[in-house]
Structure formats: structure tokens, C-alpha cells
Amino acid sequence: MESVLPGLVQEAQSTGTLRGLPTGNFIDGAWQVPVGGAMMETFDPGTGLAFARFAAGNADDVDVAVRSASAALCGRWHSMSPAERGRTLHRVADLIRTNAARLAVVETLDSGKRLVEALGDVAGAANCFDYYAGACDKHQGETIPLGPDYLAYTLHEPVGVTAHIIPWNYPLSTAARGIAPALAAGCTVVAKPAEQTPLTALMLADLCLQAGLPPGVCNVVTGTGREAGAALVRHPGIHHISFTGSVTTGVDVMQSAAPNITRLVLELGGKSPIVVLQDCDLDNAVDNVLGAIFENAGQICSAGSRLVVARAIHEQLVERVVARAQALTLGHGLRNPGIGPVSSVAHLHKIAGYVERARLRGVRVRTGGNIRRDPDTGQGWFFEPTVLDDLSPMDEAVQEEIFGPVLGVQVFDDLDEAVALANGTPFGLVAGVFTRDFSTAHRLAQRIDAGQVFINEYFAGGISVPFGGNKRSGFGREKGLEALRSYSRTKSVAARL
Ligand code: ADP
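Here the structure is a predicted model, which is why all the values come from computation and not from measurement. Along each chain, numbering runs from 1 in the same order as the chain's sequence is written. Where totals are concerned, whole chains, interfaces and linings use all residues; where local detail is concerned, this predicted model gives features only for residues with pLDDT of at least 70, and gives and counts side-chain atom pairs only at 80 or more. As a convention, hydrogens and water are excluded, and side-chain values are obtained from all of the structure's heavy atoms.

**Thoughts on the overall build of the chain**
- Helix numbering and strand numbering both begin at the N terminus, where a helix is a DSSP run of H or I of at least 4 residues and a strand a DSSP run of E of at least 2. Helix and strand content of the chain: 17 helices and 24 strands.
- C-alpha atoms define the radius of gyration in this analysis, and the globule rule sets the expected value at 2.2 Å times the number of residues to the power 0.38. Relative to a compact globule of 497 residues, whose C-alpha radius of gyration would be 23 Å, the chain shows 23 Å and is just as compact.
- Here the term buried applies to any residue with accessible area under 20% of the maximum for its type, exposed to any over 50%, and partly exposed to those in between, with areas from a 1.4 Å probe on protein chains only. Across the 497 residues in the chain, those meeting the buried criterion constitute 58%.
- As presented, the chain carries roughly 19200 Å² of accessible surface, and 52% of it is formed by carbon and sulfur atoms.
- A residue counts as positive if it is Lys or Arg and as negative if it is Asp or Glu; His and the chain ends are not included. Think of each charge as sitting on NZ of Lys, CZ of Arg, CG of Asp or CD of Glu. Counting 42 positive and 50 negative side-chain charges, the chain places the averaged centre of each group 3 Å from the other. Each accessible area is a Shrake-Rupley estimate made with a 1.4 Å probe; only the visible protein chains count as cover when residues are assessed.

Structure representation (C-alpha cells):
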């Protein structure tokens, strides 16, 4: 992989794109021109320039894909043993690793993220397929003791055709995290990547076919959310929807699912607190705060976007975070800067608007706050790493998800206040706790209203740890064996002997 990476980076840097990028939908094991013939452009956030064209799919493409996935449910996929399904998914993982350099460079061009982060996402996608590959033949039911005259047991059946609506911040990771457990459970897939980042999901579907998945088991239709996405989630042939995106769109998706009683998992926004106690390891806390909010330019549902800090260390911690934020270099993701661009010009202005309004309210902007260009090229959509200090609990920058490199700081005097601040938003996705006192850490983990709590390492965990939110962050869980269960339906069989 190392040997092809420099060549691909060089090609991308010198031509602004790569040869051989996918352009069609991937349906029934083949590249297909969209029924309506319409195409769209995807942009490199590091330059702000279009670098590829892809299919603008519509309801007709979605219908073809759902029919293909429905037909594939009963074919060779259905008759494969779980162990064989597992071997196929292991081959997908191997192929992701073989193609890691290309996937990562495409991901960087499409999403803007730094190449090292893209390489990490690709490695994570391969691990995800390995994890669920290994789970295929261990996903067993149970027997229920009804006494000597009865035999009762449960079966895990695949839920059927699953729809995956994928966001633009982690295009390949989110695709893998939904598709792998769905396939492991024996389901088939129709995925709709975000219109900003359509390419790596298409490449993944192609790798699935190469690994031996029968045609039609994994399909990808690209296009806008309004056309392709909406058509997919309201399609009566869909049995399960996995949606990752904004709260507003999540509400629409839930409404579209209702008439067909389609089951769904919603992974929506977050405004996750990092609660830092006075007795923490300060160096570790600083490192983690930086990663929690500035990785992927803050465009992470589970970003640690609120620093909830003990008054005694507030000034010291913020000073150190500010100094480190100021040292982050901005640049095109392929050059592995300290921080990359944000995904679109519209999103850039949305982030800037939050900071501008904060300034007008008199909030202290400790660092950052400005739109920038790549200093090497004068291009691209960048926002400075930003710290807003000493926010009040109901401040807009506390209550709303900014989804950019903007950290809001809140100060507490005692643990009850820390919990109240941590829980004081409409969201409940994840939280971080930093302290050397393990009893306090675990007590806080119980009291914080979030789907996942990280202690002394933000983002600790991995594919085996369930992930999902409370409150307006959604419901249902991705990752871990919980995801496998959510793509299965339980059938109970009870027999009188
Ligand atoms: P953002 O506003 O940041 O783009 P969205 O939640 O709208 O985030 O987008 C997440 C995903 O949802 C994307 O793949 C997008 O195309 C898709 N999407 C947008 N609107 C709808 C919709 N009405 N129905 C289904 N999918 C949609």
C-alpha cells in the first residue's frame, strides 16, 4: 500500500483528481447510468473546485436498486451458511486493505479530511468488516425452558432489505459501520451516500462484489437527499433504515418511515461535554480536548464540543488548549496539515455565523473565529480552530450543534453543577470524563445522560463498543453486537411435544 500511496497523492495534487473514479450507481453488481441521465459534481473542500461527476439518482434508480436487493434476499445469499457469509466479509476487509491508499486519497479529495485521518478511517472500515465477519456464525438464538412437554427457542432472522443514509463527515466509516452488520445478519443493502461525498461508498460496493457477495446484495444509489434519499426511506420495499445526519432530516426520515412501519436507527447530532475535574492528568486532558474538537475539523457527531471544566483549572487548561490550537497549521488534507477544510462553502458560512453571533453577544473568543484559505494556494474552505470561553448554560453556542472546529467552554464549581451543565442540552450522544478518581469517574458515567461515556481517553473504544444517542441525538445503537441484533428480527418458536 505504501508503494502506491505517494503516486496517488502526486496524481491528485498535480491533476486535482484521480483517474478511474466511479460515475454510475452500483446496482445489481454493475455500474449503471442513472435512469434520468442526470449527473452532479462533487467538490474538493481543500480547493473548493469540482473534481468528479457522479450520478444524480432519483426515485426510479432507487426503485431498481430496492428490487435488486429484494430479489437478492432469496438467492445465493440466503442459502449461504453463516460461516461462508463470514468468510466473504473477511475478504471484503482484505480488499479494503489492499485498496487502502486509493480509498484514502479519494476520501480526502471528497471530504477534505487529512490523509492520515482518511487512512485511519479506511483501516477502521476494514476492522469493522472483520469484526462482523467473525460474528456471523456466533449470532445464535436461545432456548427457553417451558418444562418437559415443550420446546421453545428463538431464531434471528435478517430484517430484510436495509437502507443506509450516509453523511458527509465519515463517508466510508459510516457506510462500513452500517453495511457490515447488515450483511452479517443476512440482510441486503441499498446505501445512499451524501451528495457531498459519494465516491467511497460506491468503491466499497464494488469491493463487496469482488469479494464474492452475490449481485444485488449491496447496492449504492447516489444523488441528493431530497430526491434519492427521500425516495429510499419512503420505499415500501425497505424493512430497516439506518440514518446518520442532522436532527431536522432525521425527523423527515422518521415521518417517511411511519406509513410503512419501517424500523429505524437514528444517529443524529450531539453537543458532547468533556468534563474535566481538578485532579485530572492535565497533559492528557489537553491532548484529548484538542483531538475531540479539532479532529476532522470538528465535523464529528460525537465531537467533544463543550469543555466543562473545574474553576480551579479553567484558566490553565484553556490557555494550554488555546496555545495548541494556535499552533495548528491549516492546509489541504493531502498535505496532512494540523487541520483540514470544512466540507462545503455553505457549511463554512454556517460555522462563521455561530461565531459572529457569539461575538455580538459579547462572548470572549479566546482564539480563532475567522474564515481562512489554504495559505499555499489561496483556495479552499477553512475555519480557524476556535475557542469560545465561559459560556452561559443557555448560550446558543452551548445549545446548538455547530459541527465545526469551535470549542465552547463552561465552568463549574461542584460536581452537581458539572452534571447539570453536561446534561443541559437537547442532545445526549457521548461524554468525556477526565479525573484520576475512578469512583467519581464511574459515578459521573452513571449520572451523565449520554449513549457512551469515555473516561480519560476521548473516543476510547472501537467497533465492538455500541454507539448511539439519547434525547435528540437519536435512538438505537450502531456498532458492537447490538448493531447485529438491530438488523435481525427475533422469531420465537414454541412447540408442544
Ligand atoms: P446536512 O444538512 O449536514 O447535509 P443531512 O442530515 O441533511 O445533513 O444529510 C445526511 C444524509 O441525509 C445525506 O446523505 C443526505 O443526502 C440525506 N438526506 C437529506 N435529506 C433527506 C431526506 N429528506 N430523506 C432521506 N435522506 C435525506
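**Description of the sheet that holds strand β12 (residues 272-276)**
- Taking strand neighbours across the sheet as the criterion, the 7 strands line up as β14-β17-β18-β13-β12-β20-β21 in an open arrangement whose pairing is mixed. This sheet does not close on itself; its edge strands, each paired only once, are β14 (364-367) and β21 (452-455). On average, each strand axis in the sheet is inclined to that of its neighbour by 25 degrees, with strand direction left out of account. Between any two strands, at least two bridges found by DSSP are needed for them to pair. Every angle, taken between N-to-C directions, lies between 0 and 180 degrees, and every axis is a line fitted to C-alpha atoms, over only the stretch in contact when it is a helix.

**Some details on the site of the ligand**
- The cutoff for a nearby residue is simple: one of its non-hydrogen atoms must lie within 4 Å of the molecule or strand. For the ligand, the set of nearby residues contains 18 residues, the closest of which are I166, K192, E195, S246 and T249.
- Within the contact set of the ligand, an oxygen atom lies 3.2 Å away from a backbone nitrogen or oxygen of G225.
- Two N or O atoms count as a polar contact when they lie within 3.5 Å, although within protein this holds only if one can serve as hydrogen donor and the other as acceptor, and sequence-adjacent residues are included solely when both atoms are side-chain atoms. Take T249: an N or O atom from its side chain is 2.8 Å from an oxygen atom of the ligand.

**With respect to the nonpolar core**
- The set of buried Ala, Val, Leu, Ile, Met, Phe, Trp, Tyr and Cys residues whose side-chain atoms join them within 4.5 Å is what this entry labels a nonpolar core. Core analysis: the biggest nonpolar cluster contains 70 residues, and V275, V276, L307 and L317 have the highest contact counts within it.
- Top element by residues in this core is helix α11 (residues 282-294). It accounts for 8 residues.
- In what follows, residue pairs with any heavy atoms lying within 4.5 Å of each other are defined as contacts. Non-local contacts of L317, meaning those with residues more than four positions away in its chain, are made with V276, L282, A285, V286, L307 and V309.

**Considerations on the sheet that holds strand β5 (residues 143-144)**
- Spatial strand order, β5-β6-β24: 3 strands in an open sheet with antiparallel pairing. Here the strands that pair on one side only, and so sit at the sheet edges, are β5 and β24 (488-496).
- Pairing geometry for β5 and strand β6 (residues 150-158), over 2 bridges, is antiparallel. When the sheet's bridge partners are listed, T143 is paired in β6 with Y153.

**Topic: a nonpolar patch on the surface**
- A residue counts toward a patch only above 30% relative accessible area and without a salt bridge, and it is joined to like-charged neighbours within 9 Å or, for Val, Leu, Ile, Met, Phe, Trp and Tyr, to nonpolar neighbours within 5 Å. Just to be clear on terms, a salt bridge is a Lys or Arg side-chain nitrogen sitting within 4 Å of an Asp or Glu carboxyl oxygen. A contiguous nonpolar surface patch, about 250 Å² in accessible area, is contributed by I144, L146 and Y150.
- Turning to its location among the elements, Y150 is positioned in strand β6.
- With relative accessibility at 35%, the residue Y150 sits in the partly exposed group.

**Details of the packing of aromatic side chains**
- Between 30 and 60 degrees the pair is tilted, below 30 it is stacked and above 60 it is edge-to-face, where a pair is any two Phe, Tyr or Trp rings, Trp via its six-membered ring, whose centres lie within 6.5 Å. One pass over the full model with this rule turns up 7 aromatic pairs.
- With 6.4 Å between their ring centres and 45 degrees between their planes, F43 and W381 make a pair best called tilted. Of this pair, F43 sits in strand β3 (residues 39-44) while W381 sits in the loop between β15 (371-372) and β16 (382-383); the two residues are 338 residues apart in sequence, bridging distant segments of the chain.
- For F43, a relative accessible area of 34% gives the class partly exposed.
- Judged by its relative accessible area of 12%, W381 is buried.
- Taking 6.1 Å as the distance between ring centres and 65 degrees as the angle between the ring planes, the aromatic pair formed by F454 and F459 counts as edge-to-face.
- The class of F454 is buried, set by a relative accessible area of 5%.
- Here F459 falls in the partly exposed class, since its relative accessible area comes to 29%.
- Members of the aromatic cluster, each reached through a chain of ring pairs, are F454, Y458 and F459.
- Any Lys NZ or Arg CZ that is within 6 Å of a ring centre and within 35 degrees of that ring's normal is treated as a charge sitting over the ring. The ring of Y354 has R357 lying over it, and the distance from NZ or CZ to the ring centre is 4.9 Å.

**Here we look at the pairing of strand β13 (residues 304-310)**
- Counting buried residues in β13 gives 7 out of 7 residues, a clear majority hidden from the surface.
- Where β12 lies against β13, 5 bridges are found, and the strand directions are parallel. Directly across from V275, in β13, lies its bridge partner V308.
- When the strands point away from the viewer and the connection leading from the first strand across the helix to the second strand turns clockwise, the crossover is called right-handed. Crossover connection from β12 via α11 to parallel β13: handedness right-handed.

**Looking at the environment of A397**
- Turning to its location among the elements, A397 is positioned in helix α14 (residues 396-399).
- Residues A397 and V363 lie 34 residues apart in sequence; the distance between their C-alpha atoms is 9.7 Å.
- The residues touching A397, leaving out its near neighbours within four places in the chain, are K271, R361, L388, L391 and I402.

**Regarding the packing of helix α15 (residues 415-422) against helix α16 (residues 438-447)**
- Packing of α15 against α16 brings their axes to within 10 Å, and their N-to-C directions diverge by 40 degrees. Here α15 is positioned oblique relative to α16, judged by the angle of their axes. Relative to α16, α15 is oriented so that their crossing is right-handed. Where α15 abuts α16, its residues L415, D416 and V419 lie against T440, L444 and R447. Should an angle lie under 35 degrees it is considered roughly parallel, over 145 roughly antiparallel, and from 65 to 115 roughly perpendicular; all remaining angles are considered oblique. We call a crossing left-handed when the near helix sits turned anticlockwise from the far one by less than a right angle, and right-handed when that turn is clockwise.

These figures capture arrangement, not role.
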